[in-house]
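Spelled out from the first residue to the last, the chains are:
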Amino acid sequence: MNSVRSTSWENELKSCIRGKSLVFLLADSNLPDSYSKDIVKVCKIKNKTHLLKIKGGEQIKTHQHLIQIYNELDVVGADRKSVFMCLGGGTISDLGGLAASTYKRGIDFIILPTTVIGMVDAAIGGKNGINLESNVGILKNQIGTFYQPKLIGINFKWLDSLPKDEVKSGWGEMLKHALLIGGPHLEKFKNAEPNLASLIPLIIDSGNIKEGIVRRDVKENGERALLNLGHTIGHAIESLELDSSNASEIKHGIAVAWGIVFTLEVSVRKLGFNDALAKQLIKWIVDIIGYREHLWESKEVWLKMCKDKKNTNGNVKDVMLRSPGDADWHFTWEREEFTILWEQFRERYELTSC
Ligand SMILES: NC(=O)c1ccc[n+]([C@@H]2O[C@H](COP(=O)([O-])OP(=O)(O)OC[C@H]3O[C@@H](n4cnc5c(N)ncnc54)[C@H](O)[C@@H]3O)[C@@H](O)[C@H]2O)c1
Ligand SMILES: [Zn+2]
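Everything numeric in this text was worked out from a predicted model, so none of it was measured.

## Things to note about helix 2 (residues 33-44)
Owing to its 3.6 residues per turn, the α-helix aligns residues three or four sequence positions apart on the same side. With twelve residues, helix 2 extends 16 Å between its outermost C-alpha atoms, agreeing within 8% with the 16 Å of an ideal straight helix rising 1.5 Å per residue. Every buried residue of helix 2 is accounted for by Tyr-35, Ser-36, Ile-39, Val-40, Val-42 and Cys-43. Seen end-on, helix 2 carries its buried residues on one side only, within an arc spanning 160 degrees. Turned more than 90 degrees away from the buried face of helix 2 sit Lys-37, Lys-41 and Lys-44, all of them exposed.

## Digging into the site of ligand 1
In the region of ligand 1, 27 residues are neighbours, and Asp-28, Asn-30, Glu-58, Thr-91 and Thr-115 sit closest. Asn-30 has a polar side-chain atom sitting 2.7 Å from an oxygen atom of ligand 1. In the model, a nitrogen atom of ligand 1 is placed 2.8 Å from a nitrogen or oxygen of the Thr-114 side chain. Taking 850 Å² as the accessible area of ligand 1 by itself, protein coverage stands at 91%. Every element with two or more residues in the shell around ligand 1 is listed here: helix 4 (90-102), helix 5 (116-122), strand 7 (137-143) and helix 6 (164-181). Classifying every residue of the shell around ligand 1 gives six nonpolar, eleven polar and ten charged. Counting contributing residues, the shell around ligand 1 receives three or more from each of domain 1 (4-161) and domain 2 (164-353).

## Some points on the packing of helix 7 (residues 183-190) against helix 8 (residues 196-216)
Their axes nearest at 11 Å, the elements helix 7 and helix 8 cross at an angle of 150 degrees. What the angle tells us is that helix 7 and helix 8 run roughly antiparallel. Crossing of helix 7 against helix 8: the hand is left-handed. Residue-level contacts link His-185, Lys-188 and Phe-189 of helix 7 to Leu-199, Leu-202, Asp-205, Ser-206 and Ile-209 of helix 8. Its residues placed into classes, the contact of helix 7 with helix 8 shows four nonpolar, two polar and two charged.

Rules and cut-offs
- Residues numbered from 1 in each chain as written.
- Chains lettered and ligands numbered in written order.
- Predicted model: local features only at pLDDT ≥ 70, side-chain atom pairs only at ≥ 80, totals over all residues.
- Heavy atoms only, no water.
- Helix = DSSP H or I, 4+ residues; strand = E, 2+ residues; numbered from the N terminus.
- Expected span 1.5 Å × (residues − 1).
- Buried < 20%, exposed > 50% of the residue type's maximum accessible area, 1.4 Å probe, protein only.
- Arc of directions from axis to C-beta.
- Near = heavy atom within 4 Å.
- Polar contact = N/O pair within 3.5 Å; in protein donor to acceptor, adjacent residues only side chain to side chain.
- Areas by Shrake-Rupley, 256 points an atom, 1.4 Å probe, with all protein chains shown as cover.
- Nonpolar A, V, L, I, M, F, W, Y, C, P; charged D, E, K, R; others polar.
- Domains from an automatic or database assignment.
- Axes fitted to C-alpha atoms, helices over the stretch in contact; angles between N-to-C directions.
- Parallel < 35°, antiparallel > 145°, perpendicular 65-115°, else oblique.
- Left-handed = near helix turned anticlockwise from the far one by under 90°.
- Contact = heavy atoms within 4.5 Å.

Below you can see the structure in the form of structure tokens.
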């Protein structure tokens, strides 16, 4: 892994695009125009630059959007010496990363993340991907590659326009890193409110936790699977909401936080996680994310879990915790046990049944 992650993004950017035949900037149209204008201004000094704007969100992680990007690259004459730049959150960099890694077998790639999730997670580690519309509905991130960006350029000012619920979603992904590392970082994170003022000082550390894990296992042959904490359930819930055209209903980080609440409960039973600590953590998390109107039935969740891309030989894999800072990525689910535990969980946390 040889990406540079830097807060002096402008200087790094200039050096990354030096001598490139074309800068292709894919930007989220939900962003204030000034963000892409500033970047185009920097690029245009020495480079031919093309801007494509699309509206970010989970709905763009499709092969149709991928093909739209390939066509645009073709129309503007991008070649192997071109550089592909993404300005946006995780959906823009997941889609753009796949385009960059496959167009003409791969062109240079830069990510300028504009969400908390982007800065602490999606931009780091070189995974990209789109969702698959399968015979059991939408399946998250089933098509993708490993492809490292040359630069991850961080500018906290870009977070100023981020809606509050997206900041909270970022909190959910930062929670995952805090539980994986435990110790003083978790204690600091527990004292942080899910708002920008509290989270910004923790963003670089949170990203470092991911970077450390990825550096030791770039292609996910082992330890990197830890980063799926909360994601087996999280992705299942997100996919079910996408199927029901409720794409905006649950944010990625909130789905992950629900996955983590369930994981903590199961970890007490299966891995001896301290019961009192789990209860304390669960209360803290649920107080922030709030109860849900609807959590899906076990059979629906199970169907999605069976298609999770971590699974091998038909085993449904998950990540559990022995304690904060000590996770196990070898956990395998049995359907019967999952069904009982999930239905009990739903009863506790569905708003309608409280
Ligand atoms: N590749 C990875 O390793 C990885 C890791 C974590 C998450 N992800 C993926 O990332 C996605 C979630 O990331 P996300 O929350 O950044 O998604 P996102 O790109 O959908 O951004 C969330 C919303 O905020 C808007 N937005 C983005 N930046 C903004 C800004 N600065 N101001 C105003 N609005 C802004 C977007 O238009 C979108 O509506 C999921 O698809 C998830 O699977 C990937
Ligand atoms: Zn995630």
